[in-house]
Amino acid sequence: MPVRVIPSLLISNGGLVKSVQFKDYKYIGDPINAVKIFNEKEVDEIAIVDIDATRNNRPPNIEKIQEIANEAFMPLSYGGGITKIDEIKSLFYNGVEKVIINKSAHTKPALITQAAKIFGSQSVVVSIDVRKHWMSGYKVYTDNGKKDTKLKPEEFAKQMEDLGAGEILLNNIDLDGTFQGYDIALIEKVSSSISIPLVALGGAANLNDFKLAVKADLKKM
């Protein structure tokens, strides 16, 4: 399976932001400009996540997403506020190739299966945000890292695969924006529980971090 480099861009109030451990969000520019830069870098894919949509109970901003998609020369995935099949259909119609589902994977798991059946599992990505407790180990969180679901990430990832998800996006909240490297133990744990592609987020600082993450994922092969 080929290795892909996928920048993940966080959108808040229409602007590009950067976070540290899912807090301390700082505005860093226009997402359109960022997409143009990554066009020049020839990245494999790009992910856009609207961190306000689910929190504010609003659907995806199709107009803004279409504007971004029109500038992207690579496959584009989108996450944020997705709760309905019609929203997914609209996203695909306006240039998105994959949808990233986080909160709805918990509140409306049937959406994963329905979307996979209609659009294909390869277009359905489930995003899993994780924190590590010193006593109880890794747990899955929702609501921008505020709500502990008590679920183990490797078990939840397998459930999502069984429901029809074609890819897992795995993020360690504690390493987000820290440049301390990926959580290799977490990657190995989740990767070994699923057969679908795994994309790791959180902590990368250099090419060696990428190498270690890929090596960890390949252990399931």
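Look a little higher up for the structure.
Residues numbered from 1 in each chain as written. Predicted model: local features only at pLDDT ≥ 70, side-chain atom pairs only at ≥ 80, totals over all residues. Heavy atoms only, no water.

Draft legend 1. Quick look at the packing of helix α6 (residues 153–163) against helix α7 (residues 184–191). For the pair α6 and α7, the least separation of the axes is 8 Å and the interaxial angle reads 40 degrees. Put simply, α6 runs oblique to α7. Between α6 and α7 lies a crossing of right-handed hand. Contacts between α6 and α7 involve Pro 153, Glu 154 and Ala 157 from the first element and Leu 186, Lys 189 and Val 190 from the second. (Axes fitted to C-alpha atoms, helices over the stretch in contact; angles between N-to-C directions. Helix = DSSP H or I, 4+ residues; strand = E, 2+ residues; numbered from the N terminus. Parallel < 35°, antiparallel > 145°, perpendicular 65-115°, else oblique. Left-handed = near helix turned anticlockwise from the far one by under 90°. Contact = heavy atoms within 4.5 Å.)

Draft legend 2. Structural context of unusual backbone geometry. Unlike most non-glycine residues, Asp 143 shows phi in positive territory, near 55 degrees. Tracing the sequence through the fold places Asp 143 in the loop between β8 (137–142) and β9 (147–148). When its relative accessible area of 36% is taken as the criterion, Asp 143 is described as partly exposed. The residue Lys 150 is not glycine, and still its phi comes out positive at about 70 degrees. Within the secondary structure layout, Lys 150 lies in the loop between β9 and α6. A residue is classified by how much of its surface remains accessible, and Lys 150, at 60% relative accessible area, is exposed. (Buried < 20%, exposed > 50% of the residue type's maximum accessible area, 1.4 Å probe, protein only.)

Draft legend 3. Up close: the packing of aromatic side chains. The final tally for this structure, using the stated rule, is two aromatic pairs. Considering the side-chain rings of Phe 92 and Phe 119, the 5.0 Å spacing of their centres and the 75 degrees angle between planes classify their relative orientation as edge-to-face. With Phe 92 in helix α3 (residues 85–93) and Phe 119 in helix α5 (residues 110–119), this pair connects stretches of sequence that are 27 residues apart. (Phe/Tyr/Trp six-rings, centres within 6.5 Å; stacked < 30°, edge-to-face > 60°.)

Draft legend 4. Seen up close, the side chain of Asn 171. Here Asn 171 lies in strand β10 (residues 167–172). Setting aside residues no more than four positions away along its own chain, Asn 171 makes contact with Phe 22, Ile 128, Asp 129, Val 130, Leu 201 and Gly 202.

Draft legend 5. Broad picture of the pattern of salt bridges. Summed over all chains, the structure comprises twelve salt bridges. Its salt-bridge partner being Arg 4, residue Glu 167 comes within 3.1 Å of it at the nearest N-O pair. Taken as a pair, Glu 167 in strand β10 and Arg 4 in the segment before β1 (8–12) lie far apart in primary sequence, 163 residues in all. Classification of Glu 167 by relative accessible area gives buried; the value is 7%. Asp 50 is the partner of Arg 58 in a salt bridge, and the nearest nitrogen-oxygen pair spans 2.7 Å. On the basis of relative accessibility, which here comes to 29%, the residue Arg 58 falls in the partly exposed class. (Salt bridge = Lys/Arg side-chain N within 4 Å of Asp/Glu carboxyl O.)

Draft legend 6. View of empty space enclosed by the protein. What the rule picks out here adds up to three cavities of 30 Å³ or more. In this structure, the largest cavity encloses a volume near 90 Å³. Residue composition of the lining of the largest cavity, by class: eight nonpolar, two polar and two charged. By volume, the second largest cavity is sized at about 40 Å³. Around the second largest cavity, the lining residues are Leu 170, Asn 172, Tyr 182, Asp 183, Leu 186, Ile 187, Ala 200, Leu 201 and Gly 202. Counting only elements with at least two residues in the lining of the second largest cavity, the list comes to β10, α7 and β11 (198–201). Residues belonging to the lining of the second largest cavity are distributed by class as follows: six nonpolar, two polar and one charged. (1 Å grid on protein atoms, 1.4 Å probe; cavity = no way out; pocket = protein on both sides within 12 Å on 5 of 7 lines; lining within 4 Å. Points joined across faces, edges and corners; volume = space filled by probe spheres on them. Nonpolar A, V, L, I, M, F, W, Y, C, P; charged D, E, K, R; others polar.)

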